[in-house]
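Architecture at a glance
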Amino acid sequence: MSAVLQAKAIGKSFGGLAAVQGVSLEARSGQILSVIGPNGAGKTTLFNCLSGIYRPDTGTVLLDGKDVTGLASHKIAQAGLSRSFQNIRLFPEMTSLQNVLVGRFSRTPFRPMGALLRTKAWHADERAAKEKSLELLELVGLAERRDDWARALPYGLQRRLEVARALATEPKVLLLDEPGAGMNPSEIASMMDLVAKIRSLGVAVVVIEHHMKLVMEISDRILVLDHGEPIAEGTPREVRDDPRVIEAYLGRTEATVGH
Amino acid sequence: MSTAATLRRLVPLALLAILTAPFLWFHFDTDLTTGTPLLSWEPSHGWKFLKVVVPGFATGALVAFLARLWDRTPRTPLVARASHEVLETPWMVLVLVATLSVSGLFLSPKGLSMGTFVAIYMLLALGLNVTIGFTGLLVLGYSAFYAIGAYTLALLSQAFPGFPVWLSLPAAFVTASLAGLLVGLPCLRLRGDYLAIVTLGFAEALREILRNLAITRGDKGFPIASTSQFPAIGPLAAKQVAWIAAIATLALVCLAVHRLYHSRTGRAWIAIREDETAAAMMGIPVVRQKLLAFAVSAGVGGLGGAIFAGCWGFVDPSTASFEQSVLVLAMVILGGIGSLPGSLLGAAVLYLVPTLLRDQIPAIADYRLFFFGSILVAMMLLRPQGLLGSPRHRLEMEGGS
């Protein structure tokens, strides 16, 4: 199966500091690719380059065979890539349902006159968007809380809502930036169940996660970054036994202890 | 808010009272022959000041207190929910327009023109709310679009004698929207509040242009031929026609804004206000949507200007003044940023209170701006989210909870 997302030799520097350098990755439909690495390894920067928040200095991003390198975020989203954020970025002053409805934006026709006159076609669009959004809220387990303000949801549910909102754009590729951050083990486990469910929908999932046990269990492939550079790529087993990976993690710990 | 917290907020006021005391209660002078400074007890200023301050603050506190009572209703204020229901039921809007139109006919000419002005300011507040409230874009020179609307009607009446006001209204909407696009295009591509400063500059520049161009007749102002003003129709006097037109336009704009707000477009606007990066990631073309919001907002401002010109029969460069922009901004803030009925209420209060203070209580006519200011200050202290705003803005201003 060919990769739906292909990134080749992505590089991004900030004032001479190479945050990401020569990183390539391939994400396949119905598979989970995990991106791991110590703090400051450039994982989020990589996501920002892929999702159009940063314009990569070098390299190309192909989404479904189409070159989307350096396009604006909304164009990349329309082309079929969506993401969640490490620090949750919901629309706090909207309800759960409205948050997900915003995700339907590019999949709903633009009918200004329809909205003003409330035509039949407009009603049909709205209904379809709402149904799809409710389905997604159901999927992430938020159906009961559809009318709660996003800001009032507990932290774990806010993360799940962000996933539902990202799915509403009908992505072929979904980037999840630390979906389990700040959660307790049982919340992480249920989040990973959700990620596995999304994989079974045929979405290519790329996930940044720190919880090694879960990463090893759930990933089809793993990409390891250190100091912005790829140091290993392969199946969980291959990566686990890679000496450079061990060094990146353990060697760093020793250095920290040495301080 | 606890009593202690309220009291703590009075501390700056007390400080202010102490600091201003020498100027209010004493008279400074210099002995001209010897040059020594003289200081004498002179309480007349102070008494005059107190006579205004005490009732002024009392009014402010009363308004703020009443506003807080609304908070007791859960989630959305009752008024906001009621207005939502009305706007969801077009025939109710029609009934309201009909009732208001007819009741206006029994008003005195003065009351009628006041009513028309309230409607015009409601339009402006509604329009400005689209950018500042829904989309989160700060616009400080909104009067520019008001002036563009007013001068569109004026110039059309000059270029085509007898140009009917009914065609000027849509024309004013279009020219003001286009001006909005033109101004917004360069600065809406940037993040941050560039729009605030650019629109501020634009309004000031426009005012200077209106003052200096021959075609706009400069500072003298521009009288509009009566054939291009609102005409008398059958038994209805011109002022009555203007009133009905203003009410009908207001209702149409309310309905349109409400429907846009509760659609894909409105959701995109709020998403941009809440988090621009996340909005873009949801596939929303942020720049285009901001431009759309700004064009709609500017167009409504233009519409307000054209109704003003068509009923007042005279426009001058002061329509583009900064004071005008600030007044409309204050209306939106007082009513509650982002709330449609709030904008309407804010406009009514901020237009009627100073006007009624001036007309009805001549004794304090000179101090009406002070009353006005104290009401605003009291509001911002006790209810920063505005009369009908959502409570979140209060949380933000208090540093979260």
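Next up on the list: the sheet that holds strand E3 (residues 32-36) of chain A. Residue and element names in this part refer to chain A. Taken together, the 6 strands give an open sheet; going across it, the order is E6-E7-E8-E3-E9-E10, and neighbouring strands pair in mixed fashion. In the strand order of this sheet, the two ends are held by strand E6 (81-83) and strand E10 (229-234), each with one partner. Ignoring which end each strand starts from, the neighbouring axes of this sheet average 20° apart. Pairing between E6 and strand E7 (residues 173-177): 3 bridges, direction parallel. Paired with Arg83 across the strands is Leu175, a residue of E7. Of the strands in this sheet, E6 and E7 are in contact with helix H6 (residues 155-167), which crosses E7 at around 160°.

Taken together, the 30 residues of chain B in the interface contact 37 residues of chain A. Interface area lost by chain B to chain A is led by Arg264, Met281 and Met282 of chain B, which between them contribute 28%. At the surface where chain B touches chain A, the tally comes to 3 salt bridges. In this structure, Glu88 of chain B and Arg118 of chain A form a salt bridge, with 3.1 Å as the shortest nitrogen-oxygen distance. Inspection of the region where chain B meets chain A yields 9 residue pairs in polar contact (both at pLDDT 80 or more). Per-element accounting of the side of chain B that touches chain A gives the leading share, 8 residues, to helix H10 (residues 264-274) of chain B. Of the residues that constitute the side of chain B that touches chain A, the class distribution is 13 nonpolar, 8 polar and 9 charged.

A full pass over the atoms with the stated rule returns 5 cavities of 30 Å³ or more. Approximately 80 Å³ is the volume attributed to the largest cavity. Lining the largest cavity are Thr108, Pro109, Phe110, Arg111, Ala115, Trp122, Asp125 and Glu126 of chain A together with Ser263, Arg264 and Thr265 of chain B. If you list the elements that add at least two residues to the lining of the largest cavity, you get helix H5 (120-140) of chain A together with H10 of chain B. Counting residues per element, the lining of the largest cavity draws most heavily on H5 of chain A, which supplies 3 residues. For the lining of the largest cavity, the per-class residue count stands at 4 nonpolar, 3 polar and 4 charged.

This brings us to unusual backbone geometry. Residue and element names in this part refer to chain A. At Glu178, a position not held by glycine, the phi torsion is positive, near 50°. Looking at the secondary structure, you find Glu178 in the loop between E7 and helix H7 (185-200). Positive phi is not limited to glycine here, since His227 has a value of about 50°. Within the secondary structure, His227 is located in the loop between strand E9 (221-226) and E10.

As a further point, take the sheet that holds strand E4 (residues 58-63) of chain A. Adjacent strands of a sheet pair through backbone hydrogen bonds, lying either parallel or antiparallel. Residue and element names in this part refer to chain A. What the 4 strands build is an open sheet, ordered E2-E1-E4-E5; its pairing is antiparallel. The open sheet terminates on both sides in strands that have one partner only, identified here as strand E2 (17-27) and strand E5 (66-67). By the bridge criterion, 7 bridges tie strand E1 (residues 5-14) to E2 in an arrangement that is antiparallel. When the bridges of E2 are listed, Phe14 appears paired with Leu17. Packed on one face of the sheet, helix H1 (residues 43-50) meets E1, E2 and E4 and runs near 115° to E1.

Residue and element names in this part refer to chain B. Applying the stated criterion across every chain, the model contains 15 aromatic pairs over all chains. Centre to centre, the rings of Tyr121 and Tyr351 are 5.4 Å apart; their planes meet at 25°, and the pair counts as stacked. Highlighted residues: Tyr121 in helix H5 (residues 109-135) and Tyr351 in helix H14 (residues 340-360), separated in sequence by 230 residues. On the basis of relative accessibility, which here comes to 8%, the residue Tyr121 falls in the buried class. Between Tyr142 and Phe145, the ring centres sit 6.3 Å apart and the planes meet at 55°, which makes this aromatic pair tilted. Of the two residues, Tyr142 and Phe145, both sit in the buried class. Aromatic rings pair up to connect Phe117, Tyr121, Tyr146, Phe308, Trp312 and Tyr351 into one cluster. If you follow Arg217 out to its NZ or CZ, it ends over the ring of Phe222, 4.1 Å from the centre.

A word on the pairing of E3 of chain A. Residue and element names in this part refer to chain A. Burial within E3 is extensive, with 5 of its 5 residues counted as buried. Neither face of E3 is open: one carries Ile32, Ser34 and Ile36, the other Leu33 and Val35, and all of them are buried. In this structure, E3 lies alongside strand E8 (residues 204-208), joined through 4 bridges in parallel fashion. Paired with Ile32 across the two strands is Val205, which belongs to E8. For E3 and E9, the ladder comprises 4 bridges, and the chain directions are parallel. In the strand pairing of E9, Ile36 is matched with Val224.

Take the confidence of the model for chain A next. Scored by pLDDT, chain A has a mean of 91; 96% of the residues are at 70 or more. Within the model, pLDDT remains below 50 along residues 254-259 of chain A, and this stretch shows 0 contacts once partners closer than five positions in the same chain are excluded.

It is worth spelling out the layout of surface pockets at this point. All names here are of chain B. Taken as a whole, the second largest pocket holds about 720 Å³ of empty space. Around the second largest pocket sit 26 residues that line it, and Tyr121, Gln324, Leu327, Tyr351 and Arg358 are the ones nearest its centre. Elements with a contribution of two residues or more to the lining of the second largest pocket: H5, helix H12 (286-312), strand E4 (314-315), helix H13 (322-335), H14 and helix H15 (368-382). Grouping the amino acids of the lining of the second largest pocket by side-chain chemistry returns 14 nonpolar, 6 polar and 6 charged.

This part covers the pattern of salt bridges. A side chain of one charge can pair with a side chain of the opposite charge when the charged atoms of the two come close. One pass over the full model with this rule turns up 22 salt bridges over all chains. Across the pair Asp125 of chain A and Arg111 of chain A runs a salt bridge whose closest N-O atoms are separated by 2.5 Å. Here the residue Asp125 of chain A occupies a position in helix H5, and Arg111 of chain A occupies one in the loop between helix H3 (96-103) and helix H4 (112-117), the gap between them amounting to 14 residues. You can call Arg111 of chain A partly exposed: its relative accessible area is 31%. Among the salt bridges present, the one from Glu126 of chain A reaches Arg267 of chain B, with a minimum N-O distance of 3.0 Å. Of this pair, Glu126 of chain A sits in helix H5 while Arg267 of chain B sits in helix H10, placing the two residues on different chains. Note on Glu126 of chain A: relative accessible area 15%, which makes it buried.

Moving on to the pairing of E9 of chain A. All names here are of chain A. By the criterion of burial, E9 is predominantly enclosed, with 5 of the 6 residues buried. One ladder, built from 5 bridges, connects E9 with E10; its direction is antiparallel. In the sheet register, Ile222 faces E10, and the bridge partner there is Gly234. Connecting E9 to the antiparallel partner E10 that follows it, the hairpin turn spans 2 residues, and His227 within it adopts a positive phi of roughly 50°.

What counts and how
All residue numbers here refer to positions counted from 1 along the written sequence of the relevant chain. All chains are assigned letters beginning at A, and all ligands numbers beginning at 1, according to the order in which they are written. The predicted nature of this model means local features are confined to residues of pLDDT at least 70 and side-chain atom pairs, given and counted, to a pLDDT of 80 or more, with totals for whole chains, interfaces and linings taken over all residues. Hydrogens and waters are ignored; side-chain quantities use all the structure's heavy atoms. Strands were regarded as paired on the criterion that DSSP finds at least two bridges between them. Strands are runs of DSSP state E lasting at least 2 residues, helices are runs of H or I lasting at least 4, and numbering of each runs from the N terminus. Lines fitted to C-alpha atoms define the axes here, with helix axes fitted over just the stretch in contact, and angles between the N-to-C directions of these axes take values from 0 to 180 degrees. Should any heavy atoms of two residues lie within 4.5 Å, those residues are considered in contact. Once two parts are joined, some of their accessible surface, as seen by a 1.4 Å probe, is lost; buried area is that loss totalled over both. We define a salt bridge as a side-chain nitrogen of Lys or Arg found within 4 Å of a carboxyl oxygen belonging to Asp or Glu. Residues adjacent in sequence count toward polar contacts only when both atoms are side-chain atoms; beyond that, a polar contact is any pair of N or O atoms within 3.5 Å, and within protein one must be able to donate a hydrogen and the other to accept it. By the convention adopted, Pro, Cys, Tyr, Trp, Phe, Met, Ile, Leu, Val and Ala count as nonpolar, Lys, Arg, Asp and Glu as charged, and the other residues, Gly among them, as polar. Using a 1 Å grid laid over the protein atoms alone, points where a 1.4 Å probe fits but cannot get out form a cavity; open sets with protein on both sides within 12 Å along at least 5 of 7 lines form a pocket; any residue with an atom within 4 Å of a point counts as lining. Grid points are joined across faces, edges and corners, and a volume is the space filled by probe spheres set on the points. Ring pairs are drawn from Phe, Tyr and Trp, using the six-membered ring of Trp, whenever the two centres fall within 6.5 Å, and their geometry is named by plane angle: stacked under 30 degrees, edge-to-face over 60, tilted for the rest. Only protein chains enter the area calculation, which uses a 1.4 Å probe; residues under 20% of their type maximum are buried, those over 50% are exposed, and those in between are partly exposed. Our definition puts a charge over a ring when NZ of Lys or CZ of Arg is within 6 Å of the ring centre and also within 35 degrees of the ring normal. The predictor rates its confidence in each residue with pLDDT, a number between 0 and 100.

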